[in-house]
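Chain residues, written in single-letter form:
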Amino acid sequence: MPNIRQASAILAASLGATLLLAGCAAGGSGTVAQSSAPTVLKWGFSLPTSWDPVTSSTGNDINTISLVYSSLTQLDSKGNAEPALAEKWSYNTPGTAITFTLRPNLKFSDGTPLDAAAVRASLERGKTQPNSLLTDQLSTIKSITVVDPRTVTLNLQQADYQVPDLLAGKTGEIVNPAAFKTAADAAKIPTDASGAGPFKFKSFVPESNAVLVKNPYYWDAKDIHIDELDLSVAPDPSTIIAAVQTGALDVASLPATSIAAAKAAGLKVDVVDSLTVSQVDVNSGLAPLTNAKVVEALKYAVNRQQLLKVANAGIGSVVYQPFPKGYVGFDPSLATKFAYDPAKAKSLLADAGFKPGQLKITLTALSYTQNVAELVQAQLKDVGVESTIQVVPVGSSTWQQAVYLNRTAQFALDGTVGRESPVQLLGVVYGPTGLMNTSRTASPDFLAALDKVRQTPLDSPDYQPLLWKAVEIGVSEDPSFSLYSTPRIDVRSPKVSALPHFLSQFRWEGVTVSGN
Amino acid sequence: MFSRALRSPLGAVSAVVIAIVVVVAIFGPVLAPYDPLKQDVAHLLAAPSAAHWLGTDYLGRDVLSRLLAGAPLSLLSAAEVVAIGMLLGVIPGLLSVYLGRVFEWVSLRVVDALITLPFLVFAIATTALLGNSLGPAMLVVGVLIAPGFFRVTRTAALAAATAPYVEAAQLVGASPWWVLRTHLLGKVAPAVAVSAASALGAALVIVSSLTFLGIGVQPPAPTWGGMLSDDLGYLFQQSYEPVFPAVLIIVTVGAFNGLADALRDASGTEARARSAGRRSRIIATKESSRVPA
Amino acid sequence: MTTLTSPGFIGQLTASRSRRRFVRGLKGATSWALRMLAIVVPVFLFATFVTYSLGAISGHSPAALKLGDSATPQAVAALNAQYGLDKPLGARYLDWLGALLHGDLGTSWFNGLPIAPQLVERLGISLSIAGFALVIGVTGGFALGLLATVKRGTLIDRLVTGFASLIATIPPFVASIGLILVFCVTLRWLPSAGYVSPTVNFGQWLTLITLPAIALSLDTVAEIARQLRAGLVSAYDENYVTGAVVRGFSDRRVLFSHVLRNGSGPAIAVIGMRAPALLGGAVVTESIFGMEGFGRFGSESALRGDVPTVQAVLVVGIVLVLAFNLLVNGLLTRLVPASRRGI
């Protein structure tokens with residue numbers, strides 16, 4: 001069954017996607033309107049693997065943990081960093097240090113001040129806590145200097161202009177230092193968050209639901225019109241529409257195939273651009289994929305348009321690179337890179353010495369992409385490649401084991417919800433230790449190209465061409481290949497106003513609920 | 001017993017339905033108008049038409065062909081479950097009556113322990129932990145329904161072993177093999193047959209419940225349970241589509257239950273047999289009542 | 001036949017010759033308790049050992065769960081040692097059992113939290129559904145069974161029997177979807193997903209658990225109705241009933257004071273046998289109705305490879321089923337005195 005909720009959860013299992021929206025301008029804490037009954041919004045989604053950004057293990061968690069945390073920066077609807085907790089920032093001339101200026105009078109949800117020292121303590125915990133999953137991303141930071149209570153400088157290992165993007169995500173979410181005075185305290189954060197986000201904890205039942213209430217100290221509290229947000233695990237996708245119809249939920253993710261039915265039922269549907277890109281992780285370390293011609297043939301053998309039609313009712317667009325159209329990293333010259341060409345696939349296979357029916361591979365797919373796997377199987381058969389499908393149930397750790405840890409999967413139907421920095425994403429997809437680069441190969445050319453991007457200011461005219469160069473090398477050289485980008489699809493009750501559009505992250509600024 | 005059962009209207013109807021299902025299971029793949037795996041992306045989720053009597057599925061495959069082609073695997077997996085359950089239930093059940101008190105005590109406790117396991121959760125947990133494929137799933141469900149067969153066999157064997165005429169036969173020097181063949185098989189076999197019939201229906205429901213939850217599925221091979229769960233993903237586009245596999249499952253399960261009832265009634269004509277039959281009925285329902293609800 | 005009406009393993013107590021002699025020798029509540037103990041303890045040990053070994057055989061380790069996207073081979077090995085996974089199976093089972101007897105269900109590999117409080121929360125959901133399903137099953141089953149018995153041999157009897165057979169064949173997930181389509185989507189009478197504790201809002205709790213409970217109860221309704229009818233009809237054939245009828249007792253009195261008391265054994269036994277199926281079977285309805293219950297907790301934990309949680313879920317299930325069986329057996333012994341007599 002196609003299941004966007006689970007889909008995004010799993011896609012994200014590999015990645016840390018982070019896109020924060022910036023509401024704009026001045027800080028100050030709004031006041032909660034207490035005149036009438038509290039405004040409650042019931043959201044059916046998934047719960048984070050941990051409410052601690054330091055130990056959260058899937059990228060999809062950004063949607064839920066950023067309910068209770070804020071970062072120094074946020075990404076705007078195009079994916080560019082803009083002010084959040086920090087009102088401005090600047091690099092030194094060589095690009096090896098970045099200084100952030102915090103908004104005045106920031107407070108955590110418990111009322112303790114959020115100052116430069118708190119920012120340093122929070123980021124350093126991410127670098128040093130033994131079980132931190134952010135160590136890699138934060139390794140670019142060499143040391144942190146508190147200049148004054150509102151000014152903090154990050155000294156970098158080398159010039160790196162991606163830091164404002166990087167910190168817009170989970171990596172940069174600021175945790176209240178009062179919550180991690182001791183290691184024992186820190187161990188409680190995964191179930192009892194303390195941050196400076198739009199909401200704060202009221203109650204939380206692991207794997208079941210969380211009740212969050214508005215945080216009056218949130219820097220952009222005036223844009224939050226929801227007094228209580230009830231987050232629960234969404235029901236089976238076949239009953240999502242019924243759940244919203246009956247008021248069991250107000251907002252939920254919707255399978256693309258159910259859009260018409262949801263509209264017919266009188267519900268509202270939002271189709272929101274996202275950074276989600278589906279891809280096939282090909283492990284060229286496993287025979288017969290050790291043959292480069294075979295891998296190339298597979299890239300031409302897949303009819304992505306058909307996959308998109310079956311997987312997402314045709315909503316989205318075919319891409320041959322890990323970014324959606326319109327995003328800064330999307331290189332237009334790759335628009336038809338591996339366009340469907342079964343004849344070419346056949347001749348490549350013949351060159352590689354395989355007669356039709358001789359090549360046999362295993363496809364690994366999560367149960368919600370079983371339909372896509374069945375279609376890929378038929379398409380491969382058309383070019384003479386036999387395959388069997390290994391289905392991994394959704395939520396199963398088998399996926400992590402087989403695809404990322406032991407890397408025993410030859411051809412895995414995977415995907416990414418994107419990352420806040422394009423350089424970070426390229427590292428994940430094509431880098432030598434990249435999770436989705438199951439072959440674990442990367443050419444010196446690619447690494448050099450990536451380094452150049454990192455050292456180029458984002459507003460430099462060279463930035464985009466250099467980024468495209470790195471994308472082009474990655475797409476051409478890596479055995480893994482992209483399939484299609486898809487938008488996020490949400491269904492909501494008519495009493496809930498439209499959700500703001502932000503690439504790959506739910507934000508609730510400006511959302512109102514009427515007639516509760 | 002079988003011929004008597006077939007003379008009752010219930011038995012006759014059930015037998016006819018089962019016969020049709022079995023014929024479909026054997027010849028289904030031949031009868032299918034299309035290749036059940038042949039996809040047609042231009043005609044996804046098409047409504048029933050002259051070309052596709054039951055429409056097409058999410059990959060444009062002919063639903064009728066898939067139902068027909070899915071019959072062997074669906075029924076075979078149910079039969080496999082029942083065969084495993086029978087093997088692991090009937091033999092220890094017989095032995096528990098004849099092998100002495102230690103074996104009796106141990107086998108009873110093992111059976112009791114198996115019965116206390118929360119059925120479906122245990123089946124799912126085991127299958128998921130041991131690697132998600134249909135093989136382990138069948139084995140686990142087979143083990144879990146074995147207590148039903150154990151009970152039925154044991155009760156029938158116990159009744160036979162303690163019957164005065166059997167004790168008399170033993171006294172006059174009948175060999176254990178003779179006793180086993182003549183009396184035991186006569187008593188035990190009908191009871192086991194009744195259980196097997198209802199267990200077949202139960203197994204079909206269990207297997208489809210597991211595949212519904214995504215446990216033990218092996219695409220693209222069609223199974224009724226798998227098709228049903230796939231169709232439910234498209235409930236709002238084609239709300240009638242789940243009806244076809246659902247009706248097939250319900251009718252087949254109903255036929256097996258009906259056959260079990262008819263066999264039970266037929267085995268209970270003579271007084272002693274009736275009480276044994278009633279007894280076995282009560283116990284026979286144990287495994288059908290263990291259908292995950 | 002009465003012995004066979006005993007539920008679950010308890011039935012075996014009086015089923016064999018050796019048992020019968022044993023039963024005659026021991027009388028009274030203490031001996032009953034002792035006999036129960038002699039059965040319950042080995043059953044518990046065996047069932048828990050099976051459960052525990054399951055985790056060991058699976059070869060899962062906490063690494064994939066704890067380390068998520070950033071596991072390295074060194075970290076995996078260190079974590080395995082930290083969790084004591086290098087000890088032999090027997091020693092681990094005894095450690096685990098010891099902790100269990102002190103009420104410690106262990107810590108989840110997935111979220112690192114103690115399992116017991118998480119389980120209690122979910123058990124409330126499943127017990128609500130399974131308990132309500134049992135109530136529906138018993139009321140519905142007894143009503144249908146009595147109706148069929150009173151009208152035995154008539155069209156109504158055949159209709160009831162046919163209805164029972166029909167609902168027994170509907171898989172619970174089909175029933176769930178059907179109920180949602182009718183009551184939630186078409187009629188809009190009831191919500192289709194979610195759960196609220198009865199202490200928070202009793203009315204809402206009842207509306208939320210009604211449909212899943214109905215879907216789960218169909219089989220039980222059918223089974224109880226069939227068993228009750230069978231038990232009652234055969235009780236009518238017994239001499240003492242014939243005697244009561246001959247003595248001119250009213251139909252009502254015969255039914256309620258003679259027939260029902262003696263003929264309801266099989267139906268009550270069904271209640272005991274249904275416990276594991278109701279508790280375990282709730283997993284399907286829970287996932288369709290979006291409830292984070294006990295069964296869904298167990299199956300999702302299993303899929304995640306969270307072995308300690310799966311073991312805890314199964315053990316709690318086993319304990320509940322054992323306790324429920326004892327309860328039903330006690331009830332049966334009181335209600336149907338004949339069941340004490342053996343065959």
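Residues numbered from 1 in each chain as written. Chains lettered and ligands numbered in written order. Predicted model: local features only at pLDDT ≥ 70, side-chain atom pairs only at ≥ 80, totals over all residues.

Comments concerning the overall build of chain B
- Counting its secondary structure elements, chain B contains 11 helices and 0 strands.
- If you list the helices and strands of chain B from N to C, you get α-α-α-α-α-α-α-α-α-α-α.
- Taking all 293 residues of chain B together, the buried fraction comes to 61%.
- Residue pairs in contact within chain B that sit at least 24 positions apart in sequence constitute 73% of those at least 6 positions apart. (Helix = DSSP H or I, 4+ residues; strand = E, 2+ residues; numbered from the N terminus. Buried ≥ 20, exposed ≤ 12 C-beta atoms within 10 Å, placed from the backbone. Contact = placed C-beta atoms within 7 Å.)

Brief notes about the packing of helix α7 (residues 115-150) of chain C against helix α13 (residues 265-288) of chain C
Residues and elements named next belong to chain C.
- Following both chains from N to C, one finds α7 and α13 inclined at 140°, their axes separated by 9 Å at the closest point. Our classification of the angle between α7 and α13 gives oblique. Note on packing geometry: the crossing formed by α7 with α13 is right-handed. Taking contact as the criterion, the partners of S126, I129, A130, A133, L134, G137, V138, G141 and G145 in α7 are, on α13, A267, I271, R274, L278, L279, A282 and T285.
- Among the residues forming the contact of α7 with α13, the class breakdown is 10 nonpolar, 5 polar and 1 charged. (Axes fitted to C-alpha atoms, helices over the stretch in contact; angles between N-to-C directions. Parallel < 35°, antiparallel > 145°, perpendicular 65-115°, else oblique. Left-handed = near helix turned anticlockwise from the far one by under 90°. Nonpolar A, V, L, I, M, F, W, Y, C, P; charged D, E, K, R; others polar.)

Observations concerning the sheet that holds strand β7 (residues 151-156) of chain A
Residue and element names in this part refer to chain A.
- The sheet built from 4 strands is open, its strands ordered β4-β5-β7-β6 with antiparallel pairing. With one partner strand each, in any of the chains shown, β4 (86-91) and β6 (141-148) form the two edges of the open sheet. Averaged over neighbouring strand pairs, the angle between their axes works out to 20° when direction is ignored.
- Inspection of the sheet shows β6 paired to β7 by 6 bridges, in the antiparallel sense. In the sheet register, I141 faces β7, and the bridge partner there is L156.
- Together, β5 (97-102), β6 and β7 form the strand contacts of helix α3 (residues 116-128), whose direction differs from that of β6 by roughly 165°. (Pairing = 2+ DSSP bridges.)

Section: the interface of chain B and chain C
- Taken together, the contact pairs 50 residues of chain B with 61 residues of chain C.
- Elements supplying a minimum of two residues to the side of chain B that touches chain C: α4 (101-116), α5 (119-129), α6 (134-162), α8 (176-212), α10 (243-266) and α11 (271-288) of chain B.
- Residue classes in the side of chain B that touches chain C are distributed as 29 nonpolar, 12 polar and 9 charged.

Considering helix α14 (residues 422-430) of chain A
Residues and elements named next belong to chain A.
- Within α14, 9 of the 9 residues are buried, leaving the element largely enclosed by the surrounding structure.
- Listed as buried for α14 are P422, V423, Q424, L425, L426, G427, V428, V429 and Y430.
- Taken together, the buried residues of α14 touch α4 (135-138), α5 (163-166), β17 (411-416), α15 (444-454) and α16 (463-477).

Observations regarding the environment of S53 of chain C
- Inspection of the secondary structure puts S53 of chain C in helix α3 (residues 28-58).
- For S53 of chain C and L89 of chain C, which are 36 residues apart along the polypeptide, the C-alpha to C-alpha distance reads 7.5 Å.

Details of helix α11 (residues 342-351) of chain A
All names here are of chain A.
- Here α11 has its buried residues at A345, L348 and L349. All buried residues of α11 project into a common sector of 100° when viewed along the axis, lining one side.
- In this fold, the buried residues of α11 make contact with α9 (292-301) and β15 (359-366).
- G353 lies just past α11 and shows a positive phi near 95°. (Arc of directions from axis to C-beta.)

Re the packing of α15 of chain A against α16 of chain A
All names here are of chain A.
- It is at 8 Å that the axes of α15 and α16 come closest, and there the two elements cross at 155°. As summarised for this structure, α15 and α16 are arranged roughly antiparallel, according to the angle between their axes. For the element pair α15 and α16, the recorded crossing hand is left-handed. Between α15, through D445, F446, A449, L450, K452 and V453, and α16, the contact on the second element is made entirely by L466, L467, K469, A470, I473, G474 and E477.
- Residues of the contact of α15 with α16, tallied by class, amount to 8 nonpolar, 1 polar and 4 charged.

Comments concerning the confidence of the model for chain A
Residues and elements named next belong to chain A.
- Mean pLDDT over chain A stands at 87; residues scoring 70 or higher make up 92%.
- Across chain A, β5 holds the top mean pLDDT of 97, while helix α1 (residues 4-13) sits lowest at 34.
- Of the regions scoring below 50 in pLDDT, residues 1-35 engages in 122 contacts with residues more than four places distant in sequence or in other chains. (pLDDT = per-residue confidence, 0-100.)

Quick word on the sheet that holds strand β16 (residues 385-392) of chain A
Residue and element names in this part refer to chain A.
- With respect to topology, 6 strands assemble into an open sheet ordered β14-β18-β13-β17-β15-β16, the strand pairing being mixed. Looking at which strands have only one partner, the edges of the open sheet turn out to be β14 (317-318) and β16.
- Relative to β17, β15 is paired through 2 bridges, and the arrangement is parallel. Residue pairing for β17: T364 is matched across the bridge by A412.

A few points about the pairing of β5 of chain A
Residue and element names in this part refer to chain A.
- Of the two faces of β5, only one is covered, namely that formed by I98, F100 and L102; the face formed by A97, T99 and T101 stays uncovered.
- The pairing of β4 with β5 spans 5 bridges and is classified as antiparallel. Within β5, the position partnered with K88 by the bridge is T101.
- In textbook terms, the turn of a hairpin is the stretch between consecutive antiparallel strands, and for β4 and β5 this stretch comprises 5 residues, one of which, G95, has a positive phi near 80°.
- Sheet analysis places β5 next to β7, joined by 5 bridges and oriented antiparallel. Across the sheet, residue I98 finds its bridge partner in β7, namely L154.

Considering unusual backbone geometry
Residue and element names in this part refer to chain A.
- For the bond running from A287 to P288, omega is 5°, close enough to zero to count as cis.
- On the secondary structure map, P288 appears in the loop between β13 (277-282) and α9.
- The backbone phi angle of N105 is positive, close to 60°, even though this residue is not glycine.
- Its location among the elements puts N105 in the loop between β5 and α3.

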